[in-house]
Amino acid sequence: MATPEYAASLDEQIDRWRSYLRRRQAIHSVDVAELEDHLREQIAGLTASGLASDEAFLIAVKRLGDLDSLSREFAREHSERLWKQLVVSPVESDEAKAWVRKEAVVAFALAVAAAMLIKLPALFGLDLDENAGFYARNVTFFVLPLLTGYFAWKRGLRQSRLGGLAAVFVVAAIFANIYPFTPGGSTEALTALHLPIVLWLVTGVAYAGSRWKEVSGRMDFIRFTGEFFIYYVLIALGGGVLTAFMAMIFQSIGMDIEPFFESWLLPCGAIGGVIIASWLVEAKQSVVENMAPVLTRLFTPLFAAVLITFLGTIVLTGRGINIERDLLIGFDLLMVVVLALLLYSVSARDPQAPPGAFDVVQVVLVVSALLVDAVALAAIAARITEFGFTPNRVAALGENVILLINLAWSAVLYIRFLRRRGTFSAVEKWQTDYIPVYVTWAAIVVIAFPIIFRFT
Amino acid sequence: MEINKDLIAASSTPIVLAILAEADSYGYAILQRVRELSGGRMEWTDGMLYPVLHRLERLGYVEARWEVAESGRKRKYYGITGPGRAQLAEERRQWEAVDATLKGIFQALFSPLPSFHAAPAAPLLQGA
């Protein structure tokens, strides 16, 4: 059998092979361990049949298959890893570097274009101050078509699908502008809030490209949405700091920057930031990918503690929830946050890991959020006739029910997953299948509510 | 005879599930079993088995566990689950339907087998 020198060199060869494999983002170290076990077994089999160990090594490596297609297969199976793969691997060749640079140029050009577009209506006498309603209803049209175009360009979207997306934008623009809204009315505000939800999905179709029909494609879009949000908030915070310093230093020479800030910096920055944030998510995913799990770890217990304290206080003091004003929207947002915490922690979780203390906290959080929301819903249902059906309340109520159903079933699936009765893919599939529900509801609010409530 | 890639890919799920239904196993041994069963006619690229196993694991058809093998190395073993058995039964029904369809049409086509083979083969041989 193998001499000691041979054995040493074989181990060296395997070490080199292993470190080469580790550089592949799509193949994690547990998989490398699995493949190494395979390789060693294969080598043992081959040397037993008379081959020298270095020959056996070569044959075993060759039988394992070419590494590029192997890591592609791994990436396809573990799409959450593909997510990193998309960004990290291309930067190896010169051609790929040129592509990265080209993409950055395109993103910045689109951001500048969006920033100029938002100032375009002002040329025709539509000032931000006097036409707040127009801007609120139409703000998404200044940026999302450009963002959709960016993704369509990047993913090489088919003409027919691109045409379909453009048609949705046109139809949406018509609905946003033909209704004779009462200025400052609720239905106008609802349109301004719900239209972006519909159009964000249109952007999502372009984002996922040919993978829109697949669970993994839609799941990537959900991840993208979360990371986009984090980047956008970071950019906004940075912009706030910049503005504060700008105001201070110009104040020192007796100049007031407020008019410039209000009519240029804020609108242009907010619009351009959308494109820049999207591009950052595409280009630098791994940074946020490491942040999101940390944030969920930090805030899941805190949110759970707050909700449980709240429930305890209700029980102990016997206070009812006071929904005199449109507080329900606040509870809707709470559900969205809890859902986001759930999604992020599940998607960052290693499916192989046994259930731990954090999973218990997660379940506690979801269940307590469900209870809190049920209490709020009961309070409003009991008194809805007394308050009357205003557009805001009906919209918020609809959203609340939609989110409640989603969260309740997510909780069931998550508990099943933890008890090893179900799979993680079931949780993902439920979320991705649910996307059309939000969009349908948002579309109903945009299209039907103004008519039902007579544009008030 | 080499079996084409699409067929190999399509048959990988039922084959792996069936092998695991016999007994829990690990990657290398599964590949050995495939070779044995197919008489060497089904050549899988070894590495490609692992993404297949991971997909089956994600779908809940198989369960994996790490054990220390007799060689002293850690080894990942796979075993079939309840849903995996149900899926195997379903795959079996589908493959049997495909098989029956092909058998029917092949029988109709190739029943006068000798004459069919003789005709095109002869001129080819002369040409060579």
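Since this is a predicted model, take the numbers as computed values, not measurements. (Residues numbered from 1 in each chain as written. Chains lettered and ligands numbered in written order. Predicted model: local features only at pLDDT ≥ 70, side-chain atom pairs only at ≥ 80, totals over all residues.)

A. The overall build of chain B, seen in detail. When you go through chain B residue by residue, the secondary structure sums to five helices and three strands. For chain B, the α and β elements follow one another from N to C terminus as α-β-α-α-β-β-α-α. Counting the 128 residues in chain B, one finds 23% classified as buried. A separation of at least 24 residues holds for 51% of the contacts in chain B among residues at least 6 apart in sequence. (Helix = DSSP H or I, 4+ residues; strand = E, 2+ residues; numbered from the N terminus. Buried ≥ 20, exposed ≤ 12 C-beta atoms within 10 Å, placed from the backbone. Contact = placed C-beta atoms within 7 Å.)

B. Focus on the overall build of chain A. Scanning chain A from terminus to terminus reveals 17 helices and zero strands. Relative to its full complement of 456 residues, chain A shows a buried share of 30%. Taking the contacts inside chain A whose residues are at least 6 apart along the sequence as the reference set, 80% of them involve residues at least 24 apart.

C. Examining the nonpolar core more closely. In terms of nonpolar packing, the biggest core is built from 70 residues, with A114(A), V143(A), L147(A), I275(A), V338(A), L365(A) and A369(A) touching the most fellow members. In terms of residue count, the dominant contributor to this core is helix 12 (residues 258–317) of chain A (eleven residues). Other than its neighbours up to four places away in sequence, L365(A) contacts T300(A), F303(A), A304(A), L307(A), V338(A) and L341(A). Among the nonpolar cores identified, the runner-up in size contains 29 residues, and V16(B), Y28(B), L53(B) and V62(B) belong to it. (Core = buried A, V, L, I, M, F, W, Y, C linked by C-beta atoms within 7 Å.)

D. Fine view of the confidence of the model for chain A. Counting all residues, the mean pLDDT for chain A is 81, and 90% of those residues have values of 70 or more. Across residues 82–91 of chain A, where pLDDT falls below 50, the model places 22 contacts with residues more than four positions away in sequence or in other chains. (pLDDT = per-residue confidence, 0-100.)

E. Fine view of the sheet that holds strand 1 (residues 25–26) of chain B. All names here are of chain B. Across the sheet, which stays open at both edges, the three strands sit in the order 1-3-2 with antiparallel pairing between neighbours. This sheet does not close on itself; its edge strands, each paired only once, are strand 1 and strand 2 (62–68). The sheet contact formed by strand 2 and strand 3 (residues 74–80) spans seven bridges and is antiparallel. From the neighbouring strand, A64 faces strand 3, where its bridge partner is Y78. (Pairing = 2+ DSSP bridges.)

F. Geometry of helix 4 (residues 82–110) of chain B. Between its terminal C-alpha atoms helix 4 of chain B stretches 41 Å, which fits the 42 Å expected from 29 residues at 1.5 Å a residue. Counting buried positions along helix 4 of chain B gives two out of 29 residues, so the element sits mostly on the surface. (Expected span 1.5 Å × (residues − 1).)

G. Layout of the pairing of strand 3 of chain B. As defined by bridge partners, strand 1 of chain B adjoins strand 3 of chain B across two bridges and the pair is classed as antiparallel. Within the sheet, the bridge partner assigned to S25(B) lies in strand 3 of chain B and is Y78(B).

H. Region of the structure containing the interface of chain B and chain A. Across the boundary between the two partners, chain B contributes 17 residues, which contact 20 residues of chain A. Top element by residues in the side of chain B that touches chain A is helix 3 (residues 49–58) of chain B. It accounts for five residues.

I. Fine view of the confidence of the model for chain B. Residues and elements named next belong to chain B. In this model, chain B carries an average pLDDT of 82, and 86% of its residues clear a pLDDT of 70 or more. Confidence, expressed as mean pLDDT per element, reaches its minimum in chain B at helix 5 (residues 113–127) with 47 and its maximum at helix 4 with 91. With pLDDT under 50 throughout, residues 115–128 is counted as low confidence; its partners more than four residues away or in other chains account for one contact. Scored as a whole, the predicted complex attains pTM 0.65, and scored at its interfaces, ipTM 0.74.

J. Representation of helix 8 (residues 144–155) of chain A within the structure. Compared with an ideal rise of 1.5 Å per residue, which puts twelve residues at 16 Å, helix 8 of chain A spans 16 Å between its outermost C-alpha atoms and is within 8% of the ideal. Those residues of helix 8 of chain A that fall on the buried side of the exposure criterion are L144(A), P145(A), L146(A), L147(A), T148(A), Y150(A), F151(A) and A152(A).

K. Broad picture of the environment of V198(A). Residue and element names in this part refer to chain A. Looking at where V198 falls in the secondary structure, it is placed in helix 10 (residues 186–208). Judged by local crowding, V198 falls into the buried class, with 23 C-beta atoms found within 10 Å. Separated by 244 residues in the primary sequence, V198 and A442 have C-alpha atoms spaced 6.3 Å apart. V198 has contacts with A172, V439, A442, A443 and V446, leaving out every residue within four places of it along the chain.

L. Highlighting the environment of A396(A). Relative to the helices and strands, A396(A) resides in helix 15 (residues 391–418). For the pair formed by A396(A) and L328(A), sequence separation is 68 residues and the distance between their alpha carbons is 6.2 Å.

M. Spatial organisation of the packing of helix 1 (residues 5–22) of chain B against helix 3 of chain B. All names here are of chain B. Contact geometry of helix 1 with helix 3 gives a least axis separation of 11 Å together with a crossing angle of 70 degrees. With respect to each other, helix 1 and helix 3 are oriented roughly perpendicular. Between helix 1 and helix 3, the residues in contact are S12, T13 and V16 and V52, L53 and L56, respectively. Class assignment for the residues of the contact of helix 1 with helix 3 results in four nonpolar, two polar and no charged. (Axes fitted to C-alpha atoms, helices over the stretch in contact; angles between N-to-C directions. Parallel < 35°, antiparallel > 145°, perpendicular 65-115°, else oblique. Nonpolar A, V, L, I, M, F, W, Y, C, P; charged D, E, K, R; others polar.)

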